[in-house]
Amino acid sequence: MQGDLEVRSTRQVEKGNRPDPLNLLANTIVGSHDIMNQPYAPSSAVELGEDAPLRTDIARAATAVREHTPLAQAFTNFVTINFVANAQLAAGGAAAMSFLPGEVADMSRAAQAAYINVGTLMPSYEGALAQITHRFADEGIPWCLDPVGAGIGEARTRILAAMREVPPSVVRANASEVLALEAIWGLAPADGSDATQGPAGVESADEVDSAIEAARRVARHLRATRPDGLGAVAVSGELDLVTDGERVLRLAGGSPMMTKVTGMGCALGGVTATYLCEAEPLVAATAASVLFDMAGTVASEDCPGPGTFHARFLDALWSIGPEALAQGSILEVE
Ligand SMILES: Nc1ncnc2c1ncn2[C@@H]1O[C@H](COP(=O)(O)OP(=O)(O)O)[C@@H](O)[C@H]1O
Ligand SMILES: Cc1ncsc1CCOP(=O)(O)O
Ligand SMILES: [Mg+2]
């Protein structure tokens, strides 16, 4: 039965893998940052309390996902499409992939949320994605974007630039992609301090810490532009970051083995969209990212290699129930 490893998962994450907030922040940018006139001066990070409202929201969202099996329609790349679908199913949702603009928009309205991933682009996609994202904006459909390979090539840049005024509810990406998207949307500081080291294909060439301010700027843009005023950015890596532009959360866990299986980031985007069917962007992005960190930690124990890890990871997604998920490690930077 799904979720029956609740106790095991809780014990592993709480006792074995609870991070030391100060050690985790040792590499985090510390200092004064002026973002859209909002000073940002992180000095410490604290683990959210057991009764923190965000944990209650995560538990509620995870329970709703298990009860409703929501469908987040996906327009995603053909390298990892199967893994995205399997991750959505294992996390408690449903999956359906399509590349026809009318079909994607119609199904997404019925489905409550959608996922767009620009990993493998085809000539017809530019027009299709413009149609789809405008329909999403007109109809207020929440969706998650994975801007895979942002910064590579003119077509990809044009396609992502066109999303600036009809943006997603959640951007889920690695650090290089967030830095590139910030630049593509004209949100990066003119002094070049937010320049990406990439693009390095679809992998990140940058550390999560170097994308903190970019993530906050992009999140603020989402909130300022979305019809519902909601938005969040999730930056994945060794120590994930989730922000709505105000709150900055850091999530430990996962495993380096996650970089040895293609599609982990794509699948995280798909599951974020699954959660977006049931929760607002910050909650959805945090819940999905914590779930992946916990599942990665569980799956990597005594794991002989990527093949086994792939299967164990799906099993772990399936096994981590709402209560365990809600008690996963979430640090808030203050
Ligand atoms: N070094 C690492 N240690 C632990 N978890 C990691 C590490 N690198 C990536 N992850 C996890 O793998 C998942 C995918 O992240 P990432 O590899 O950054 O995405 P992408 O595949 O889009 O580049 C996330 O859940 C992230 O937390
Ligand atoms: C290898 C590859 N090439 C184009 S999309 C893609 C998959 C990227 O997946 P992820 O970013 O989740 O590792
Ligand atoms: Mg990726």
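Residues numbered from 1 in each chain as written. Chains lettered and ligands numbered in written order. Predicted model: local features only at pLDDT ≥ 70, side-chain atom pairs only at ≥ 80, totals over all residues. Heavy atoms only, no water.

Some details on the site of ligand 1
For clarity, the threshold we go by: Working definition: residue near molecule or strand if any one of its non-hydrogen atoms lies within 4 Å of it. Think of a polar contact as two N or O atoms within 3.5 Å of one another; within protein, one of them needs to be a possible hydrogen donor and the other a possible acceptor, and neighboring residues in sequence only count if both atoms come from side chains. Only the protein chains shown count as covering a residue, and every accessible area follows the Shrake-Rupley method with a 1.4 Å probe. Counting from the N terminus, the helices are DSSP H or I runs at least four residues long and the strands are E runs at least two residues long. Charged means Asp, Glu, Lys or Arg here, nonpolar means Ala, Val, Leu, Ile, Met, Phe, Trp, Tyr, Cys or Pro, and polar covers whatever is left, Gly included.
Looking at ligand 1, there are 18 residues lining it, with Arg172, Asn174, Ser236, Asp240 and Ser255 nearest. One nitrogen or oxygen atom from the side chain of Arg172 is found 2.9 Å from an oxygen atom belonging to ligand 1. Considered on its own, ligand 1 offers 550 Å² of accessible surface; in the complex 87% of this is hidden by protein. Counting residues per element, the ones that place at least two in the shell around ligand 1 are β7 (170-174), α10 (264-276) and α11 (281-300). Among the residues making up the shell around ligand 1, the classes are represented as six nonpolar, eight polar and four charged.

Overview of the site of ligand 2
Residues in close proximity to ligand 2 include Asn77, Val79, Thr80, Gly119, Thr120, Val202, Thr262, Gly263, Met264, Gly265 and Cys266, which together make up its full environment. Within the contact set of ligand 2, an oxygen atom lies 3.4 Å away from a backbone nitrogen or oxygen of Gly263. Met264 has a polar backbone atom sitting 3.5 Å from an oxygen atom of ligand 2. In the complex, the protein chains occlude 79% of the 370 Å² of accessible area that ligand 2 would expose alone. Of the residues in the shell around ligand 2, the class split is four nonpolar, seven polar and no charged.

Some remarks on the packing of helix α3 (residues 53-68) against α11
Just so we agree on the cut-off: Note on definitions: angles span 0 to 180 degrees between N-to-C directions of axes, and those axes are lines fitted to C-alpha atoms, for helices only across the stretch in contact. Just so you know how the angles are binned, under 35 degrees is roughly parallel, over 145 roughly antiparallel, 65 to 115 roughly perpendicular, and the rest oblique. For this analysis, residues touch if any pair of their heavy atoms sits within 4.5 Å.
Relative orientation of the contacting elements α3 and α11 amounts to 75°, with a least axis distance of 9 Å. Judged on the interaxial angle alone, α11 and α3 are roughly perpendicular. Here α3 contributes Leu54, Asp57, Ile58 and Ala61 to the contact with α11, which in turn contributes Val283, Thr286 and Ala287.

A word on the UniProt feature "binding site: ATP" (unreviewed entry) in the protein chain
Definition in use: UniProt positions are given in the numbering used here, feature names are shortened, and annotations may be inferred rather than shown by experiment. Using a 1.4 Å probe on the protein chains alone, a residue whose accessible area is under 20% of its type maximum counts as buried, one over 50% counts as exposed, and one in between counts as partly exposed.
Per the UniProt entry, the sites bearing "binding site: ATP" (unreviewed entry) are Arg172 and Ser236 in this numbering. Maximum C-alpha separation among the annotated residues is 7.6 Å over a sequence range of 65 residues, consistent with a single clustered spot. What makes Arg172 buried here is its relative accessible area of 3%. Contacts of Arg172, omitting those with residues within four sequence positions, involve Cys144, Leu145, Asp146, Pro147, Glu177, Ala234, Ser236, Gly265, Cys266, Leu268, Gly269 and Thr272. Among the polar contacts made by the side chain of Ser236, one reaches the side chain of Arg172 at a distance of 2.8 Å.

A look at the side chain of Thr286
One can find Thr286 in helix α11. Thr286 sits in the buried class, given a relative accessible area of 0%. Contacts of Thr286, omitting those with residues within four sequence positions, involve Leu54, Ile58, Val242, Leu249, Leu251 and Ile330.

Digging into the pairing of strand β5 (residues 113-117)
Counted only if it meets this: Note on pairing: two strands pair once DSSP finds at least 2 bridges between them. Look down the strands so they point away from you; if the path from the first strand over the helix to the second goes clockwise, the crossover is right-handed.
Within β5, five of the five residues are buried, which leaves the element mostly enclosed by the surrounding structure. Every second residue of β5 is oriented toward a common face, with Ala113, Tyr115 and Asn117 on one face and Ala114 and Ile116 on the other, all of them buried. Two elements, β5 and strand β6 (residues 143-146), share four bridges in a ladder whose sense is parallel. Bridge assignment links Ala114 to a residue of β6, and that residue is Trp143. Remark: the β5/helix α6 (residues 125-139)/β6 crossover connection has right-handed handedness.

Regarding the pattern of salt bridges
For clarity, the threshold we go by: Salt bridges, as used here, are contacts in which a Lys or Arg side-chain nitrogen is within 4 Å of a carboxyl oxygen on Asp or Glu.
As enumerated under the stated definition, the model contains 16 salt bridges in all. Of the charged contacts in the structure, one is a salt bridge between Asp106 and Arg135, with a shortest N-O distance of 2.8 Å. Of this pair, Asp106 sits in helix α5 (residues 101-111) while Arg135 sits in helix α6, and the two are 29 residues apart along the sequence. The exposure class of Asp106 is partly exposed, given its relative accessible area of 39%. Note on Arg135: relative accessible area 26%, which makes it partly exposed. Arg135 is the salt-bridge partner of Glu139, the closest N and O atoms lying 2.8 Å from each other. Of this pair, Glu139 and Arg135 are both found in helix α6, four residues apart, which corresponds to roughly one turn of the helix.

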